[in-house]
Amino acid sequence: MLLYYQELIIGRPEAVYFYEVDGRGPCWAFEGEKKFLGWFRGYLLCVIADQRTGKDTFNVYDLKNRLIAHSLVVKEVSHMLCEWGNIILIMTDKSTLCIGEKDMESKLDMLFKKNLYTVAINLVQSQQADAAATAEVLRKYGDHLYSKQDYDEAMAQYISTIGHLEPSYVIQKFLDAQRIYNLTSYLEKLHEKGLASKDHTTLLLNCYTKLKDVEKLNVFIKSEDGAGEHKFDVETAIRVCRAANYHEHAMYVAKKAGRHELYLKILLEDLGRYGEALQYISSLEPSQAGVTVKEYGKILIEHKPVKTIEILMRLCTEDGESTNRESSSSTYLTMLPSPVDFLNIFIHHPPSLMDFLEKYTDKVKDSPAQVEIHNTLLELYLSNDLNFPSISQASNGVDHTLKARSGSLVMPKAESKLKSSTDRKDTSKERDRMERCEKGLRLLKSAWPSDLEQPLYDVDLAIILCEMNAFKDGLLYLYEKMKLYKEVIACYMQSQDHEGLIACCKKLGDSGKGGDPSLWADLLKYFGELGEDCSKEVKDVLTYIERDDILPPIVVLQTLSRNPCLTLSVIKDYIARKLEQESKLIEEDRRAIEKYQVRALLLLKFISP
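Cut-offs applied
- Residues numbered from 1 in each chain as written.
- Predicted model: local features only at pLDDT ≥ 70, side-chain atom pairs only at ≥ 80, totals over all residues.
- Heavy atoms only, no water.
- Patch = residues over 30% accessible without salt bridge, like charges linked within 9 Å, V, L, I, M, F, W, Y side chains within 5 Å.
- Areas by Shrake-Rupley, 256 points an atom, 1.4 Å probe, with all protein chains shown as cover.
- Salt bridge = Lys/Arg side-chain N within 4 Å of Asp/Glu carboxyl O.
- Helix = DSSP H or I, 4+ residues; strand = E, 2+ residues; numbered from the N terminus.
- Pairing = 2+ DSSP bridges.
- Axes fitted to C-alpha atoms, helices over the stretch in contact; angles between N-to-C directions.
- Phe/Tyr/Trp six-rings, centres within 6.5 Å; stacked < 30°, edge-to-face > 60°.
- Buried < 20%, exposed > 50% of the residue type's maximum accessible area, 1.4 Å probe, protein only.
- Polar contact = N/O pair within 3.5 Å; in protein donor to acceptor, adjacent residues only side chain to side chain.
- Contact = heavy atoms within 4.5 Å.
- Core = buried A, V, L, I, M, F, W, Y, C linked by side-chain atoms within 4.5 Å.
- Parallel < 35°, antiparallel > 145°, perpendicular 65-115°, else oblique.
- Left-handed = near helix turned anticlockwise from the far one by under 90°.
- Nonpolar A, V, L, I, M, F, W, Y, C, P; charged D, E, K, R; others polar.

K.L.:
Explain a nonpolar patch on the surface to me, please; I cannot follow it from the model alone.
P.N.:
On the surface, Leu601, Leu604, Phe606 and Ile607 cluster together into a nonpolar patch covering about 500 Å² of accessible area. One can find Leu601 in helix α28 (residues 568–607).

K.L.:
Explanation requested: the sheet that holds strand β6 (residues 43–49) in the structure shown.
P.N.:
The strands making up a sheet associate through hydrogen bonds between their backbones, and the pairing can be parallel or antiparallel. Pairing is antiparallel in the open sheet, where four strands are placed in the order β5-β6-β7-β8. Two strands bound the open sheet, and with one partner strand each, they are β5 (33–40) and β8 (67–74). Pairs of neighbouring strands in the sheet enclose a mean axial angle of 20°, with direction left out of account.

K.L.:
Would you mind showing me how to read the packing of aromatic side chains here?
P.N.:
The description of an aromatic ring pair rests on the distance of the ring centres and on the angle between the ring planes. The tally for this structure, following the rule as stated, stands at nine aromatic pairs. Here the aromatic rings of Tyr158 and Tyr169 are separated by 6.4 Å at their centres, their planes lie at 75°, and the arrangement is edge-to-face. One end of the pair, Tyr158, is in helix α4 (residues 151–159); the other, Tyr169, is in helix α5 (residues 167–176), with eleven residues separating them in the sequence. Exposure remark for Tyr158: the relative accessible area of 0% places this residue in the buried category. In this structure Tyr169 comes out as partly exposed when scored by relative accessible area, which is 30%. Through pairs of rings, three or more aromatic residues link up here, namely Tyr146, Tyr151, Tyr158, Tyr169 and Phe174.

K.L.:
Mind showing me how you'd approach the sheet that holds strand β9 (residues 77–83) here?
P.N.:
Spatial strand order, β9-β10-β11: three strands in an open sheet with antiparallel pairing. With partners counted over all chains shown, the strands left at the sheet margins are β9 and β11 (96–100), one partner each. Adjacent strand axes in the sheet meet at a mean angle of 20° when their direction is disregarded. Looking at chain direction, strand β10 (residues 86–91) and β11 are connected through five bridges and run antiparallel.

K.L.:
Help me understand the side chain of Asp143, please; the structure alone is not making it clear to me.
P.N.:
Within the secondary structure, Asp143 sits in helix α3 (residues 131–147). Of the polar contacts made by the side chain of Asp143, one reaches the side chain of Tyr158; its length is 2.3 Å. Of note is the side chain of Asp143, whose polar atom sits 2.7 Å from the side chain of Tyr169. Those residues in contact with Asp143, other than ones at most four positions away along the chain, are Tyr158, Tyr169 and Lys173.

K.L.:
Would you mind showing me how to read the nonpolar core here?
P.N.:
What tends to happen in soluble globular proteins is that the nonpolar side chains get buried as a cluster. In this structure, Leu478 and Leu523 are the most contacted members of the largest nonpolar core, which totals 135 residues. The contacts of Leu478, once residues within four sequence positions are left out, are Leu444, Trp448, Tyr457, Val459, Ala462, Ile463 and Cys466. Grouped together as the second largest cluster of nonpolar side chains are 13 residues, Phe40, Phe58, Val74 and Ile99 included.

K.L.:
Explain the pattern of salt bridges here, please?
P.N.:
Where charged atoms of side chains with opposite charge meet at close range, the side chains can pair. Counting across every chain of the model gives 23 salt bridges. In this structure, the salt-bridge partner of Lys265 is Glu269, at a minimum N-O distance of 3.3 Å. Of this pair, Lys265 and Glu269 both sit in helix α11 (residues 260–271), separated by four residues, roughly a single helical turn. Given the relative accessible area of 26%, Lys265 is considered partly exposed. With relative accessibility at 41%, the residue Glu269 sits in the partly exposed group. Put simply, Lys429 and Asp385 hold a salt bridge, and the shortest N to O gap is 2.7 Å. Of this pair, Lys429 sits in helix α20 (residues 416–446) while Asp385 sits in the loop between α17 (370–382) and α18 (391–395); the two residues are 44 residues apart in sequence, bridging distant segments of the chain. One network of salt bridges, with partners in common, ties together Arg242, Lys265, Glu269 and Asp270.

K.L.:
Please explain the packing of helix α23 (residues 485–495) against helix α24 (residues 498–508) as it appears in this structure.
P.N.:
Packed helix pairs are specified by the crossing angle of their axes together with the interaxial distance, meaning the distance between the axes. Between α23 and α24, the least distance of the axes is 9 Å, while the angle of their chain directions is 165°. Comparing their axes, α24 and α23 come out roughly antiparallel. In the crossing of α23 with α24, the sense of the turn from one axis to the other is right-handed. Here Tyr485, Val488, Ile489, Tyr492 and Met493 of α23 lie close against α24, whose contacting residues are Gly500, Leu501, Cys504, Cys505 and Leu508. Broken down by class, the residue content of the contact of α23 with α24 amounts to nine nonpolar, one polar and no charged.

Written as structure tokens, this is what we have:
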């Protein structure tokens, strides 16, 4: 009989009985007469007398694992003690046997050799070994099961090692064995414990997609407890779902994680749902909406230009607030995005850019970026072909004279249909260009009010644009506004517009109205070097030169003598009038001389003695 804590242990020939306070406990059947019972570190010690051999057997029972941990035939035992960490057996012949417990490593080695892995696991757990040691035993048990192709049980052991065993060790095994279900279970546990890397997330999602297990994919991606935000890498999950065509799942993750750029990337690049993308952008905060429009604006403008421009107008003029704000409030406007910030999204769609800027300038009259906006609009209006605003692109080194010549060639009859179609296109193109030029001239005038010394655009750029695109009306307005009168008449001379040239000189050459009379001299020089008959024009010019006495007749004669097409009849009346005028002056001078001579003689007589 043995008392152990609150239990009474009684050994009888047929078994060992345990009694608790409440009654009888478990019973362990060990045949033989129990001479001694003992308890040592969780082991039941029992000396059993063998009636057949007359010898005693000392057994150490591991009741938890239901096995005999040690068995030894001994002489007749008179006493059994447990002292100093050992078991001491005293024999009847006065000899002593000391039995000690082996260390943990030796025990485990013995159990591994006998493939008693479950016993080894129970042993380390009962001995309260550290987690790393327990994981090592579980790993060896898993390897043993894996070698026997018991993959399900092997995976159960490997899962218990998570946090201590390198995941790649397990993943590689089941990749080689092509056990995708087991691998999926392992990867799920890794994510649950927050120990998964980006590669693990990629692998798990690939497992789901290959198994076409949408239900598990939903659980993993759309977990409602919020843990999904932290148990996998967002970008990795989105990338894998996109690659496997699970776009809705990828969009869910992107939206939940607040990755608006990735959400829109899927909508636009994968699904082509442009209207939905625009609605999503409209729902964002203005600052975030501006960022996304800059990134994906090119695609949106290509497919949904009208709706995209509406969003841009709200961003640049309202900022998601009431439209009742004063658009002229400079303080408010400086807080909003500038239309200039979005120019690059229109790089392949200049007409849409022109539409956007026109709507903006109609609504906002005092924008901080109005100079840049007007410059851009001018370049759009004045370009021969409606290209994206860039001076380098507008010139392109094209020889416009050559183009004009090539257009005058006679087309063969076989190409008449093609020519007719081309003519219609050219007519439409020319009509569009004329309309844009009219808008350009209105902008040049409206953006340079009379009360401003400098216009609300870059005047040098405007002149360059007008010159590059042969926009005469614009050049004339700018030169006249800048009081560059000689450049104004140079424009008329270049276009050989004689009627306009004379009318311009009448307007700008009147000294009484602040004009420059020397323009008539330049005009006479032009006709003198023209090399064609321009008698009517010369007569008109001579009228004003004579009226304001701008040039002496000799200079007029020398200037006009260079044009061989002019006859003497052109200047005959002018010369006659000038000669008559000169004769009158000579006669007046002669009479004045005679008068002064008479007075001089009278004075001499008066003062002489």
